[in-house]
Amino acid sequence: MKLHHQITGPDTGEVVVLAGSIGSNLSMWDPQVPRLVDAGFRVVRFDNRGHGRTPVPDGPSSLADLGGDVVELLDTLEVERAHLVGLSLGGMIGMWLGAHRPSRIDRLVLCCTSAKLGTPQTWRERATQATTKGMVSIADGSITRWFTPGWIQANPGLAKEFHHMTATVPARGYASCCAAIGGMDLRDALPSITAPTLVVAGADDPATPPEHARLIAERIPDARLEIVDDAAHLGNVEQPETFGDLITKHLTAR
Ligand SMILES: O=C(O)CC1=CCC(=O)O1
């Protein structure tokens, strides 16, 4: 599927693809783009299928479908090899690509993500909630997982914007990506990833807690783990400087 995307930064820069969470759109990466562009990268970010301005697929998707979308995007842009920074569902896409399309991936940063999350039933229920109760009910739940209570209290305007971001995702698009997460188990694929990998977790993330990050870092050869304090699931928004530093240092380390 053709992904709606946005490119920022010099044509000659190494390409960094930013892959986001379920219920988001490419603007979730706003805090990291200027830093990456300053470091000389050409930043490519996209809306997952069924999210933002990318079309809604017919029926459930698999993680291989979402990974295939990114490969198609790289092909369209004539990019042979890119770094990938993914958060949550975006990190799952990154792990899938690292394991199944290793020639297309340079370095990986896997933020607030999991190699296996919940059960197929959990995600069928989430999909049914989206299509029967509506996306405002999904957004009401997401916001409490995405941010710590203190951050929401201190940033009511931004919290409202992120609530709106999820509430306006098409329910069938969200449900399609729920199926991809429910059907995913990347645990046995992790040891085959050869890309230099940084795993970042939010210490207060209730959705993909630090122990999920630890498992990923233990199974990917030579991966490094960082746990960021005072961050829930959208750690890149709650702790933008720390995430920006970690990502940029990992991608530029020689
Ligand atoms: O449940 C949430 O909103 C957190 C989450 C799990 C996978 C993902 O992309 O976001």
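For the structure, see preceding data.
Computed from a predicted model, the values in this text were never measured in an experiment.

Engineer: For this particular structure, what's the right way to read the packing of helix 4 (residues 120-133) against helix 8 (residues 171-182)?
Structural biologist: If you want to describe how two helices pack, look at the angle between their axes and the distance between the axes. Orientation of helix 4 relative to helix 8, taken along the N-to-C sense of each, is 180 degrees, at an axis distance of 8 Å. Judged by the angle between their axes, helix 4 and helix 8 are roughly antiparallel. Here Pro 120, Trp 123, Arg 126, Ala 127, Ala 130 and Thr 131 of helix 4 come into contact with helix 8, specifically with Ala 171, Tyr 174, Ala 175, Cys 178, Ile 181 and Gly 182. Looking at the contact of helix 4 with helix 8 residue by residue, the classes come out as nine nonpolar, two polar and one charged.

Engineer: Honestly, the sheet that holds strand 2 (residues 15-19) in this entry has me stumped. Any pointers?
Structural biologist: Spatially, the seven strands line up as an open sheet ordered 1-3-2-4-5-6-7, and their pairing is mixed. Each having just a single partner strand, strand 1 (5-8) and strand 7 (224-228) make up the two edges of the open sheet. In this sheet, neighbouring strand axes are inclined to one another by 20 degrees on average, regardless of whether the strands run parallel or antiparallel. Relative to strand 4 (residues 82-87), strand 2 runs parallel, the two being bridged by four bridges. Bridged to Val 17 within strand 4 is Leu 84. Where helix 9 (residues 210-219) meets the sheet, its contacts fall on strand 5 (105-111), strand 6 (197-202) and strand 7, and the angle it forms with strand 6 comes to roughly 170 degrees. Taken strand by strand, helix 11 (residues 240-252) contacts strand 2, strand 4, strand 5, strand 6 and strand 7, and its axis lies near 160 degrees from that of strand 5.

Engineer: Looking at this model, I keep getting lost on helix 9. Mind explaining?
Structural biologist: Regarding helix 9, the residues found buried are Pro 210, Ala 213, Ile 216 and Ala 217. The buried residues of helix 9 occupy an angular sector of 115 degrees when projected down its axis, which confines them to one face. Looking at the packing, one finds that the buried side of helix 9 touches helix 3 (89-100), strand 5, strand 6 and strand 7.

Engineer: Help me out: how do you make sense of the site of the ligand in this one?
Structural biologist: Around the ligand sit 13 residues, and of these Ile 22, Ser 88, Leu 89, Arg 126 and Arg 145 come closest. Within the side chain of Arg 126, a nitrogen or oxygen atom sits 2.8 Å from an oxygen atom of the ligand. Between the ligand and the protein, one listed contact pairs an oxygen atom with a side-chain N or O atom of Arg 145 at 2.9 Å. For the ligand, whose free accessible area comes to 290 Å², the fraction covered by protein is 99%.

Engineer: How should I be thinking about the pattern of salt bridges in this particular structure?
Structural biologist: If the charged atoms of two oppositely charged side chains come close together, the side chains can form a pair. The tally for this structure, following the rule as stated, stands at nine salt bridges. A salt bridge links Asp 75 to Arg 104, with the nearest nitrogen and oxygen atoms 2.9 Å apart. Placement of Asp 75 in helix 2 (residues 63-76) and of Arg 104 in the loop between helix 3 and strand 5 is noted, with a sequence separation of 29 residues between them. In this structure Asp 75 comes out as partly exposed when scored by relative accessible area, which is 44%. By relative accessible area, Arg 104 is classed as buried at 10%. Of the charged contacts, one joins Glu 226 and Arg 224 as a salt bridge, the two residues approaching to 2.6 Å between their closest N and O atoms. Classification of Arg 224 by relative accessible area gives partly exposed; the value is 39%. A network of salt bridges, in which partner residues are shared, links Asp 75, Glu 80 and Arg 104.

Engineer: Would you mind showing me how to read the nonpolar core here?
Structural biologist: Nonpolar side chains tend to gather and get buried jointly when the protein is soluble and globular. Ranked by internal contacts, the top residues of the largest apolar core, which has 54 residues, are Leu 89, Met 92 and Met 95. Look past the residues within four positions of Met 95 in its chain and what remains in contact with it is Leu 110, Thr 113, Ser 114, Ala 115, Leu 186, Leu 190, Ile 193 and Ile 216. With 30 residues, the next largest nonpolar core counts Val 16, Val 43, Val 228 and Val 237 among its residues.

Engineer: It is not clear to me how the pairing of strand 5 should be interpreted in this structure. Could you clarify?
Structural biologist: Successive side chains on a regular strand alternate, one facing one side of the sheet and the next facing the other. The element strand 5 is largely enclosed, with a buried count of six among its seven residues. Bridge count between strand 4 and strand 5: five bridges; the pairing is parallel. Counted as the bridge partner of Leu 87 is Cys 111 from strand 5. On the question of chirality, the crossover connecting strand 4 to the parallel strand 5 by way of helix 3 is right-handed.

Procedures and definitions
Residues numbered from 1 in each chain as written. Predicted model: local features only at pLDDT ≥ 70, side-chain atom pairs only at ≥ 80, totals over all residues. Heavy atoms only, no water. Axes fitted to C-alpha atoms, helices over the stretch in contact; angles between N-to-C directions. Helix = DSSP H or I, 4+ residues; strand = E, 2+ residues; numbered from the N terminus. Parallel < 35°, antiparallel > 145°, perpendicular 65-115°, else oblique. Contact = heavy atoms within 4.5 Å. Nonpolar A, V, L, I, M, F, W, Y, C, P; charged D, E, K, R; others polar. Pairing = 2+ DSSP bridges. Buried < 20%, exposed > 50% of the residue type's maximum accessible area, 1.4 Å probe, protein only. Arc of directions from axis to C-beta. Near = heavy atom within 4 Å. Polar contact = N/O pair within 3.5 Å; in protein donor to acceptor, adjacent residues only side chain to side chain. Areas by Shrake-Rupley, 256 points an atom, 1.4 Å probe, with all protein chains shown as cover. Salt bridge = Lys/Arg side-chain N within 4 Å of Asp/Glu carboxyl O. Core = buried A, V, L, I, M, F, W, Y, C linked by side-chain atoms within 4.5 Å. Right-handed = clockwise from strand over helix to strand, strands pointing away.

The quantities given are spatial measurements derived from coordinates; they are silent on function.
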